[in-house]
Amino acid sequence: MSLVPDAEFMDAATLQAQQQAAWSIQAAHISAHSSFYQALWKGMTPPSDLRDLPQLPLSDKAQLRKSQAEHPPFGDYLAAPRDRAVRLHRTSGTTGQAMNLALSARDCAITENVGGRCHRAAGLRPGMTVVHCLNYQMWMGGLTDHMTLQATGALVVPFGVGSTDLLIRTIREVGVNAISCTPSYPAVLERVLGERFPDLAPRDLGLKIGLFGGEPGLDDPALRDRLRTVWGMEPRNANYGVSDVFSNFAAQCEDDTHLHFMATDVLWPELIDPDTGAPLTLEAGAEGELVLTHLVRDCQPLVRFRTGDIIAIDHTDTCTCGRTGFRFRVIGRSDDMVVVRGLNLFPTMVAAIVNADPRLSGEYRVILDGPPPYDHLPLHVERAGGSVDDPGVGPALEAAIKRQLGATARVTVLPPDSFPLTEGKTRRVIRRGT
């Protein structure tokens, strides 16, 4: 399969020979079969040493979209015969045109194994029962993440989204003790419980672990504390991935809330300056855009692929759990960044301030009605359920944003439950007329 057993516990020196050997095979495969990279590299031979990858140009999502538009359905970066593909997925399209993803049997097996490492690290074990509440309709987060959960040996309930009443009954009847979903989904369940199961509190469902992914939020201690208090479960950032690369290749462990990079044997990470593309040293304290290269991939291998995710590297030493991958936080997506008078703002930064006010539900949207530049942050929030209309909420939030972020905000406070229920990814930045 080309995976190294327990690679997440191995040091870099031990893995180096395997990584180089894998890249030698992968580079030859791409050079021979990927028309996309043949054109992008313009006759350049890929370097034999992974440390020299910055000699090659970067690739990005816009190029892949163009490739699929001109060579449907998989693009000319498909590097294996179509009959090698055994599974088709489609990206959510959150950041633009949805993409078709082709996986070979080996691609599927590696993806599931790496994702299994992540969910095991986050605490999912044999003997546990986890309900999986992500969309199964072609999206990677459905079936593929289901298989990564199953790789831990846990009993998986493939529920998907919708039919929330049935979900609540199923959790109670089956004895589900873990849930896999987006960080915003518990708020949906709380609303349904309040409306249709008034005698049930969230804690009554008996969930002990929340395995979250698909959107930001868990870096905010206030959200974690709220999930512990309201639900009685331990929130785990268990599912960080990039659909074009791997559905899940980083997660927190039970000892540390940082994301651990779990795919060192099959995925090569780089860090770049998001504005210039210049390489940055991947070391503690560094911040930049994450760039990834498949070391093993049959169908749609990617080399120096810009993820669009801006991350902060917090630790590169071995964690107390024994895992050796670097530990990081996702600051935000480059396409979600809002520049207000020269300040770079990400939704996660806003969320931390919104969640700190108990008079608010925690839901918010940044609604941009025109193209940049912006001289203020237009922020819409909603009051918490059961709260009274307090005219001081908006000014207090504006003052907190100015004090903590240095930006001027114009806050609109909406009644409780003003934002639509979201069972999948929640879009926090909405751009109109741009």
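Use the structure listed above.
Residues numbered from 1 in each chain as written. Predicted model: local features only at pLDDT ≥ 70, side-chain atom pairs only at ≥ 80, totals over all residues. Heavy atoms only, no water.

### Points about the layout of surface pockets
Its volume calculated, the second largest pocket comes out at about 1,000 Å³. Lining the second largest pocket are 42 residues, with Leu 223, Arg 226, Asn 355, Ser 361 and Gly 362 positioned closest to its centre. For the lining of the second largest pocket, the secondary structure elements donating two or more residues are α7 (185-196), α8 (221-231), β14 (327-333), α9 (347-355), β17 (360-368) and β18 (377-383). A per-element tally of the lining of the second largest pocket places α8 first, with six residues. Split by residue class, the lining of the second largest pocket holds 20 nonpolar, nine polar and 13 charged. (1 Å grid on protein atoms, 1.4 Å probe; cavity = no way out; pocket = protein on both sides within 12 Å on 5 of 7 lines; lining within 4 Å. Points joined across faces, edges and corners; volume = space filled by probe spheres on them. Helix = DSSP H or I, 4+ residues; strand = E, 2+ residues; numbered from the N terminus. Nonpolar A, V, L, I, M, F, W, Y, C, P; charged D, E, K, R; others polar.)

### Examining the packing of aromatic side chains
What the rule picks out here adds up to eight aromatic pairs. Geometrically, the ring pair formed by Phe 261 and Phe 326 is stacked, given 5.0 Å between the ring centres and 15° between the ring planes. You can see Phe 261 sitting in strand β9 (residues 259-261) and its partner Phe 326 sitting in the loop between β13 (305-315) and β14, a full 65 residues away along the chain. For the residue pair Phe 261 and Phe 326, the accessibility class agrees, reading buried in each case. Grouping aromatic residues by their ring pairs yields a cluster made of Tyr 240, Phe 249, Phe 261, Phe 326 and Phe 328. Cation over ring: Arg 297 sits above Phe 246, and NZ or CZ is 5.3 Å from the ring centre. In this arrangement the basic side chain of Arg 365 is found over the ring face of Phe 419, its NZ or CZ atom lying 4.5 Å from the centre. (Phe/Tyr/Trp six-rings, centres within 6.5 Å; stacked < 30°, edge-to-face > 60°. Buried < 20%, exposed > 50% of the residue type's maximum accessible area, 1.4 Å probe, protein only. Lys NZ or Arg CZ within 6 Å of the ring centre and 35° of its normal.)

### Some details on the environment of Asp 375
Looking at the element boundaries, Asp 375 is found in the loop between β17 and β18. Residue classification places Asp 375 among the partly exposed positions, given a relative accessible area of 38%. A polar atom in the side chain of Asp 375 sits 2.7 Å from the side chain of His 376. (Polar contact = N/O pair within 3.5 Å; in protein donor to acceptor, adjacent residues only side chain to side chain.)

### Quick look at the side chain of Asp 107
Here Asp 107 is to be found in helix α4 (residues 105-121). No salt bridge is formed by the buried Asp 107. Its closest oppositely charged neighbour is Arg 297, at 4.3 Å. (Lys, Arg positive; Asp, Glu negative; His and termini not counted. Salt bridge = Lys/Arg side-chain N within 4 Å of Asp/Glu carboxyl O.)

### Quick notes on the sheet that holds β14
As a general point, the strands of a sheet are linked pairwise by backbone hydrogen bonds and lie either parallel or antiparallel. Pairing is mixed in the open sheet, where 12 strands are placed in the order β4-β3-β5-β6-β7-β8-β9-β14-β13-β12-β10-β11. Each having just a single partner strand, β4 (155-158) and β11 (279-280) make up the two edges of the open sheet. Both strand β10 (residues 267-272) and β11 contribute to a ladder of two bridges, which runs antiparallel. Looking at the pairing, Leu 271 lines up with Leu 280 of β11. The sheet contacts of α4 involve β6 (209-213), β7 (234-242) and β8 (246-251), and relative to β8 the element is tilted by about 25°. (Pairing = 2+ DSSP bridges. Contact = heavy atoms within 4.5 Å. Axes fitted to C-alpha atoms, helices over the stretch in contact; angles between N-to-C directions.)

### Observations concerning the nonpolar core
Ranked by internal contacts, the top residues of the largest apolar core, which has 43 residues, are Tyr 240, Phe 249 and Phe 328. Not counting residues within four places of it along the chain, the set of residues in contact with Phe 249 comprises Val 114, Cys 118, Tyr 240, Gly 241, Val 242, His 260, Phe 261, Met 262, Ala 263, Leu 267, Leu 290 and Leu 292. Core analysis: the second largest hydrophobic core is formed by 25 residues, Val 192, Leu 200, Leu 207 and Leu 227 among them. (Core = buried A, V, L, I, M, F, W, Y, C linked by side-chain atoms within 4.5 Å.)

### Quick look at the environment of Phe 419
Note on placement: Phe 419 falls in the loop between β19 (409-414) and β20 (429-431). Ignoring sequence-local partners within four residues, the contact set of Phe 419 consists of Arg 191, Glu 363, Tyr 364, Arg 365, His 380, Val 381, Glu 382 and Leu 414.

### Focus: the pattern of salt bridges
This structure, assessed with the given rule, holds 24 salt bridges. When the shortest N-O distance is used, the salt bridge between Arg 228 and Glu 234 registers 3.0 Å. Judged by relative accessible area, which is 29%, Arg 228 ranks as partly exposed. Across the pair Arg 306 and Glu 289 runs a salt bridge whose closest N-O atoms are separated by 2.7 Å. You can see Arg 306 sitting in strand β13 and its partner Glu 289 sitting in strand β12 (residues 287-294), a full 17 residues away along the chain. On the basis of relative accessibility, which here comes to 22%, the residue Arg 306 falls in the partly exposed class. Counted as one network, the salt bridges with shared partners bring together Glu 8, Arg 117 and Asp 265.

### Re the sheet that holds β20
Read across the open sheet, the four strands follow the order β19-β18-β17-β20; overall the sheet is mixed. The open sheet terminates on both sides in strands that have one partner only, identified here as β19 and β20. When the angles between neighbouring strand axes are averaged without regard to direction, this sheet yields 25°. Where β18 and β19 come together, six bridges link them in parallel fashion. Pairing of Pro 378 across the sheet is with Arg 410, part of β19. Packing of α9 onto the sheet brings it into contact with β17, β18 and β20, and relative to β17 it is tilted by some 145°. Relative to β19, helix α10 (residues 393-405) is tilted by about 145°, and along the sheet it contacts β17, β18 and β19.

### A few points about α10
Between its first and last C-alpha, α10 extends 18 Å over 13 residues, near the 18 Å set by a 1.5 Å rise per residue. Looking only at α10, the buried set comprises Val 393, Gly 394, Leu 397, Ala 400, Ile 401 and Leu 405. End-on, the buried residues of α10 take up no more than an arc of 125°, which puts them together on one face. Contacts from the buried residues of α10 go to β16 (343-345), α9, β17, β18 and β19. Taken from the residues just after α10, Gly 406 is the one with a positive phi, measuring 80°. (Expected span 1.5 Å × (residues − 1). Arc of directions from axis to C-beta.)

### Notes on empty space enclosed by the protein
Applying the stated criterion across every chain yields a total of two cavities of 30 Å³ or more. Residues of the lining of the second largest cavity, tallied by class, amount to eight nonpolar, no polar and one charged.

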